[in-house]
Amino acid sequence: MKKLRGLLGTCAWLWMAVASAQVKDMPGGPRVNQLNLHPGVTVISHDIMWLNWMIMIICTVIFIGVFGTMIYSIIMHRKSRGAVPSKFHEHTGIEITWTVIPFLIIIGMALPATKTVVAMKDTSSPDLTVKVTGYQWKWGYDYLDGPASGVHFLSNLKTPQAQIDGKAPKDNFYLLEVDKPLVVPVNKKVRIIVTADDVIHSWSVPDFGVKQDAIPGFLRDTWFRAQKTGTYRGQCSELCGKNHAFMPIVVKVVSDADYTKWATAQKQALLASAEDPNKKWSKEDLIAHGKQVFTTNCVACHQANGKGIPGTFPALDGDAKYVLAPMKGQILTVLNGHPGTAMPAWRSQLNDTQIAAVITYTRNAWGNAGKGKDPVVQPSDVKALR
Amino acid sequence: MSSVTIDHVPPSVGHDHAHEKPYGWRRWLFATNHKDIGTMYLIFSFCMLLEGGVLALLIRTELFEPGIQFFQPELFNQFTSMHGLIMIFGAIMPAFVGFANWMIPLQIGASDMAFARMNNFSFWLLPVGATLMTVSFFVPGGAQAAGWTMYAPLSLQMGPGMDFAIFAVHILGASSIMGAINIIVTILNLRAPGMTLMKMPMFCWTWLVTAYLLLAVMPVLAASVTMLLTDRHFGTTFFNAAGGGDPVLYQHVFWFFGHPEVYIMILPAFGMISEVIPVFARKKLFGYSSMVYAVCAIAILSFLVWAHHMFATGMPVTAQLFFMYATMLISIPTGVKVFNWVATMWRGSMTFETPMLFAIGFIFVFTIGGFTGLVLALAPVDIQLTDTFYVVAHFHYVLVAGSLFAMFSAAYYWLPKWSGRMYDEKLGKWHFWMTMISFNVAFFPMHFLGLAGMPRRVADYPAQFTDFNQISTIGAFWFGLSQILFMYVVLKAFSGRGEKASANPWGAEQGLEWTVPSPAPFHTFTTPPEVN
């Protein structure tokens, strides 16, 4: 047994040496073998850190007191030392004492915690409001006011699948990087309104001391005021289905000037990308565009090979019910989702061109090419059914 | 009673009637004897412990390294969900009922449980529920993967595996309710003459309170999963905002069951520890009546704290404060229990056989779990730590090191009474130390992971978390393998190897179970003993 333990121990240290050699601390994310809470960049996160230290110290003192007594007793009051058992088995005074003293300690802990709870719930008079929507499995951000008012985008995991599957080395920001982070100005009170589109998610950034469940059909809010510029990272913190581990949150805190510059650029980009839904597209362009849309939005369930996951997510390759049938059924399914399944309604996330493109792609990809009816779907077809 | 004259037949006279010991499979399938049913409960729950344990090791295998190596996330989520359900409803709860079946009649001087046939039914429901849960892995889409909490609306997306889980919960819940009724009626009506409630052994007291908790909350769980079922199949919208429902309603109803459930799984453990410590300290339990009051206080408070599982859902500030204060209050009666155990040991004359080692180990690690519970009670800290590995560490410290360690302690303590043989003390001690050390290797690093922000129920994690996950996985396998030792020690005693046990092998000063021979005969206390 001893040999086995030695072997296991050696393995453990070897693994640790290999692992730590490759990984470095992640700025705004976890440090390697981090032992305590994130240091944080908001007053609330500092308060939480303080509360945690306070309660840890109190608990440690009690722990040492109680177990010091117990260990003393174990050493001194053992039969092998010839200890003779005493007869006492109650003492009202001492029993009242060790009920009242913990009560007082608890009041002492509750007071500072109450102050923080009240501060955390105070979402009044924000400088900026952003609506956050949880989707399976990505986040959507809508700027409701300020210079970026009207800007909206989706934020997807950027870590390549090859790194997850172990076919490429994992970089330092593994699982905690996104294509488009949320950008907010420094030292401004940002109110976050949180909701979800399908199941419950949770928007969490440890450095801000923020974690708010995103509940479909309801709005909840929270807030933060970041005191330092930088990039801060968190993860979805409520089980939301198979890709729960793959929908990180990244927030870039920038100076006021940079924020205004970013907001202007975003608005211009939004105008430029606004597409005319009546434009006729060529089949090749639709397929190329649709492949991108499919890779970002659909691949998690229906898989890159269109085969889905039997029993859980249906195959699109060779699907006679929707994909190879006349276009109407498929357009309506994509727009409105399929109630009772994981298929969401895409009408609020994708525009007519994107939906037309992705449907055209599925009708021409894999073994579907040349098989079904309506191989090409134009944006105007989608607009007509929306 | 005294006015009615009954011919008193001494139990030693062999009178042939229906109470004869049956043989073969009929003895078990038609069992009405509390000892046989207790044995079946314990064997069943140990099997489920192994099944849930294998799932846990599969989880830890995938988490050994960042990246997806062995199990795709959808399968991984099935493992975590079913690990929780199987351990709670298949292993821990039935095991406590098994101990209750064996020991409560022996401790109160009753000849059997009050409702012997219902007892049989409540046991035989268990394999049905367990089969449903196990088979659900092989239905299209696999087992349910929405966590053991089965939060809506995620659980509404699941395949038929979810319906299997819902029916399993119904069946296991019905079994628990019947078990609870049986225990309440037995304790309240069948105590030996002279045994007043305040003279009852602590194990019976804690089980009496637990049984009331079960009666109060198992129907609530049944209601919550029934609403899931009708939302899934019959067009209701309890948890769908589009139809006027609310996903958070599910959480309120579920945790109204879920929090008392935590105490259902720990109160009988408190009782066991309160039985073991006085015997090995050779001193009466300190503060018996305050122990009883503490158990009752914990039970009542447990109904008032459920929403501390939901601080991150965004409750009004008054609700957050109320549930934070109520949760912190629970630490007072729990603290009283720990203080009383230490005071029982103080100036005793202790020896350290395996039951005592597990009892001391229990107090030590359970208290760590209690402290992290207090940390989580502070709503602001909870919001930072909820749904991270810190919570996973916390509840394994109270459920494994709490409930399971207490049951190991009790199993070694009563094993001579069950088997008639002393177990192998040396192997028992090995089992304790291996279990104790590997448990901490497996679960202590999870505190750090949670503090650093690693969410729970994830199939993959940022590479910065690698080292602690690897230590944890090694500890988990070590812990799992150590339990084979326990199985060997128990089987060895039951196979008749080992020193013959006397009626009272530990020299306990009180306890009716120690007045009957070891192994306990098939029928005991056919005439109630007199307790003074």
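Caption draft 1: Quick peek at the overall build of chain A. Looking only at helices and strands, chain A features ten helices and ten strands. In terms of overall size, chain A is more extended than a compact globule, its C-alpha atoms giving a radius of gyration of 28 Å where 386 residues would be expected to give roughly 21 Å. Counting only C-alpha atoms and orienting by the principal axes, one finds that chain A spans roughly 95 × 60 × 40 Å. Across the 386 residues of chain A, 48% fall into the buried class. In chain A, 64% of the contacts between residues at least 6 apart in sequence involve partners at least 24 apart. Surface exposure of chain A reaches about 18,000 Å², of which carbon and sulfur atoms provide 62%. Here chain A carries 42 positive and 29 negative side-chain charges, and the mean point of each set is 7 Å from the other.

Caption draft 2: Up close: the sheet that holds strand E4 (residues 182–185) of chain A. Residue and element names in this part refer to chain A. A sheet is described by the order of its strands in space; here three strands give the open sequence E4-E10-E9, paired in mixed fashion. The open sheet is flanked by E4 and strand E9 (230–235), the only strands paired with a single partner. Going from strand to strand, the sheet's axes swing by 25 degrees on average, the running direction of each strand aside. Two strands pair when backbone bridges link them, and E4 and strand E10 (residues 248–254) are joined in this way by four bridges, in the parallel orientation. Its bridge partner lying in E10, Pro185 is registered against Val254.

Caption draft 3: Layout of the sheet that holds strand E3 (residues 152–155) of chain A. All names here are of chain A. One open sheet accounts for five strands, arranged E3-E2-E1-E5-E8; its pairing is mixed. Of all the strands in the sheet, the pair left with one neighbour each is E3 and strand E8 (220–224). Looking at each pair of strands side by side, their axes are set apart by 25 degrees on average, direction ignored. Pairing between strand E1 (residues 128–135) and strand E2 (residues 138–143): six bridges, direction antiparallel. Following the sheet pairing, Val132 is matched in E2 by Tyr141.

So, how was this worked out
Residues numbered from 1 in each chain as written. Chains lettered and ligands numbered in written order. Predicted model: local features only at pLDDT ≥ 70, side-chain atom pairs only at ≥ 80, totals over all residues. Heavy atoms only, no water. Helix = DSSP H or I, 4+ residues; strand = E, 2+ residues; numbered from the N terminus. Rg over C-alpha atoms; globule rule 2.2 N^0.38 Å. Buried < 20%, exposed > 50% of the residue type's maximum accessible area, 1.4 Å probe, protein only. Contact = heavy atoms within 4.5 Å. Areas by Shrake-Rupley, 256 points an atom, 1.4 Å probe, with all protein chains shown as cover. Lys, Arg positive; Asp, Glu negative; His and termini not counted. Charge placed at Lys NZ, Arg CZ, Asp CG, Glu CD. Pairing = 2+ DSSP bridges. Axes fitted to C-alpha atoms, helices over the stretch in contact; angles between N-to-C directions.

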